[in-house]
Amino acid sequence: MKISVDRELILRPLQLITGVVERRQTLPVLGNVLVVARNGVVDLVGTDLEVELHVRLSALEVLEEGAITVPARKIADIFRAFTDGARVQLSVEGDRTIVRSGRSRFVLSSMPAADFPRMSEGVAESVFDLPQAQLKTLIDKVSFSMAQQDVRFFLNGMLLETGRDYVRSVATDGHRLAVCTLRGLEVGSDRKQAIVPRKGVLELAKIIDGSDDTCQIGLGKSHLAATVGGYTLTTKLVDGQFPDYENVIPKSLNRSFVGDRDTLRTAFSRVAILSNEKYRGVRLKIEAEQLTVQASNPEQEEAEEILPVDYSGDTLEMGFNVSYLQDVLGVLSDLNVKFSFSDTNGSALIEGTENDDALYVVMPMRL
């Protein structure tokens, strides 16, 4: 195999593939990237057997066809080290891969392409197209609420739900819930749900952008495949039952206040400096036209901010993890946000005042 390629064409695909490849592998070949040159195109594949990224490149020169696997991170580091505009030649000689550019030459140990395992995509039961910008919205507005290494494995991912005219993403770690719904889409007639694992969600977010170009999504019983241009990401789905999130969303909330998003976010950031580093708790005192945010820590240090808000009910005090509030305010795009609640012990519902595509539920904490 021998190919000649511009550095810029192959660098980003290699960097994305290294995100899929795990540093510690049970099979040595899984630390490699598969390179296949045939019919004037080059395919690059990286996998950890749970997530697979396949990239097809056509704007290069295939001098000799063939296939090989090379260490993913080493080859990515080599291409990153070359200067902008460099022309690079990659060739296979026996069980070695030679990388040349100008006066530079690198010799990498290789493994046969036949040893490289591929994931099976299975049969897609539902296939639909989404603009990349909308898919990015679905991921960005909920992904921060996904659990990390929770024993309840079904929480370590994002629920993707499709209906007759909508697509919805949901994530929760048991302390907070994030829901984003995009309506007016033609994606099928039956309601379908799939839990996309955390790594699959994060790697998918890397290959999409905010453009109107479409991303094709195929949902099967055990796999999800997303195709964007020359990139195809395939991920296994989590085999489990996601919680009934609709029952978690509080109903009949009789109190609420509205505040400026940026003002609230910066105030929370300042007060959080003196919060307990472990529990990150802040106290919200809500009274007529005013919100007081307070924090303290074991060193007897205190912080307080008083903010104007639109509220006319009874005085209430509630405690929250300030990081959860900051995360929500960081993804909402509305100028003003609405906090709704029923009492001091109930969950708070947070949403924008202009757009109704996303809502967030945050559990209170005792201080």
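Residues numbered from 1 in each chain as written. Predicted model: local features only at pLDDT ≥ 70, side-chain atom pairs only at ≥ 80, totals over all residues. Heavy atoms only, no water.

S.K.: Is there a simple way to think about the overall build of the protein in this case?
M.R.: Counting its secondary structure elements, the protein contains seven helices and 25 strands. Here the protein holds 367 residues, and the buried ones make up 50% of them. Of the contacts made within the protein by residues no fewer than 6 positions apart, 67% connect residues no fewer than 24 positions apart. Summing over all exposed atoms, the protein offers an accessible surface of approximately 17700 Å²; the carbon and sulfur share of this is 45%. (Helix = DSSP H or I, 4+ residues; strand = E, 2+ residues; numbered from the N terminus. Buried < 20%, exposed > 50% of the residue type's maximum accessible area, 1.4 Å probe, protein only. Contact = heavy atoms within 4.5 Å. Areas by Shrake-Rupley, 256 points an atom, 1.4 Å probe, with all protein chains shown as cover.)

S.K.: How should I be thinking about the nonpolar core in this particular structure?
M.R.: Side chains of a nonpolar character, in soluble globular proteins, are inclined to be buried together. If you look at the biggest cluster of nonpolar residues, it comprises 98 residues, and the most contacted ones within it are Leu44 and Phe79. Per-element accounting of this core gives the leading share, six residues, to helix H1 (residues 7-20). When near neighbours in sequence (up to four residues on either side) are disregarded, phenylalanine 79 contacts Val5, Arg7, Ile10, Leu11, Leu14, Val88 and Leu90. Phe242, Tyr245, Leu349 and Val361 belong to the second largest nonpolar core, which has eleven residues in total. (Core = buried A, V, L, I, M, F, W, Y, C linked by side-chain atoms within 4.5 Å.)

S.K.: In this structure, what is going on with unusual backbone geometry? I would like to understand it.
M.R.: Note: most residues except glycine have negative phi, and most peptide bonds are trans. At arginine 280, a position not held by glycine, the phi torsion is positive, near 55°. Tracing the backbone through its elements, the reader meets arginine 280 in the loop between helix H6 (261-271) and strand E19 (281-287). Its identity as a non-glycine residue notwithstanding, glutamine 300 has a phi of 65°, on the positive side. Its relative accessible area of 69% is what places glutamine 300 among the exposed residues.

S.K.: Can you help me understand the pairing of strand E8 (residues 96-101) in this one?
M.R.: Working note: regular strand, side chains alternate between the two faces of the sheet. Where strand E7 (residues 87-93) lies against E8, five bridges are found, and the strand directions are antiparallel. Following the sheet pairing, glutamine 89 is matched in E8 by arginine 100. Hairpin connection between E7 and E8: a loop of two residues separates the two successive antiparallel strands, and glycine 94 in this loop has a positive phi of roughly 65°. Across six bridges, the pairing between E8 and strand E9 (residues 104-109) is antiparallel. When the sheet's bridge partners are listed, valine 99 is paired in E9 with phenylalanine 106. Adjacent in sequence and paired antiparallel, E8 and E9 are bridged by two residues, among which glycine 102 carries a positive phi angle near 60°. (Pairing = 2+ DSSP bridges.)

S.K.: Before we go on, may I ask you to explain the packing of aromatic side chains in this structure?
M.R.: Any aromatic ring pair is given by two values, namely how distant the centres are and how the planes are angled relative to each other. According to the stated counting rule, one finds seven aromatic pairs in the structure shown. An angle of 70° between the planes, with centres 5.7 Å apart, marks the rings of phenylalanine 153 and phenylalanine 154 as edge-to-face. Phenylalanine 153 sits in the partly exposed class, given a relative accessible area of 46%. A residue is classified by how much of its surface remains accessible, and phenylalanine 154, at 21% relative accessible area, is partly exposed. Where phenylalanine 257 meets phenylalanine 339, the ring centres are 4.8 Å apart and the plane angle is 5°; that geometry is what we call stacked. (Phe/Tyr/Trp six-rings, centres within 6.5 Å; stacked < 30°, edge-to-face > 60°.)

S.K.: How should I be thinking about the sheet that holds strand E12 (residues 166-172) in this particular structure?
M.R.: In a beta sheet, neighbouring strands pair by backbone hydrogen bonds and run either parallel or antiparallel. The eight strands are arranged E14-E11-E12-E13-E25-E24-E23-E18 in an open sheet whose pairing can be described as antiparallel. This sheet does not close on itself; its edge strands, each paired only once, are strand E14 (192-197) and strand E18 (255-260). Taking each pair of neighbouring strands and ignoring which way they run, the sheet shows an average axis angle of 20°. Inspection of the sheet shows E12 paired to strand E13 (residues 176-183) by seven bridges, in the antiparallel sense. In the sheet register, arginine 168 faces E13, and the bridge partner there is threonine 181. Along the sheet, helix H3 (residues 132-140) makes contact with strand E11 (157-162), E12 and E13, crossing E13 at roughly 165°. (Axes fitted to C-alpha atoms, helices over the stretch in contact; angles between N-to-C directions.)

S.K.: Sorry if this is basic, but what is going on with the sheet that holds E7 here?
M.R.: Strand order in the open sheet made by the five strands is E5-E1-E7-E8-E9, with antiparallel pairing throughout. Because the sheet does not close on itself, it has two edges, and the strands there are strand E5 (61-64) and E9. Looking at each pair of strands side by side, their axes are set apart by 20° on average, direction ignored. The strands touched by helix H2 (residues 72-81) are strand E1 (2-6), E7, E8 and E9; relative to E9, the strand with the most contacts, the crossing angle is about 175°.

S.K.: Help me out: how do you make sense of the pattern of salt bridges in this one?
M.R.: Where charged atoms from two side chains of opposite charge come close, those side chains can pair. Overall, the coordinates contain 24 salt bridges when judged by the stated rule. Arginine 7 is paired through a salt bridge with glutamate 8; the nearest N and O atoms lie 3.1 Å apart. Of the residues examined, glutamate 8 reaches a relative accessible area of 38% and is grouped as partly exposed. As a salt-bridge pair, arginine 283 and glutamate 317 come within 3.7 Å of each other at their nearest N and O atoms. Here the residue arginine 283 occupies a position in strand E19, and glutamate 317 occupies one in strand E22 (residues 316-321), the gap between them amounting to 34 residues. (Salt bridge = Lys/Arg side-chain N within 4 Å of Asp/Glu carboxyl O.)

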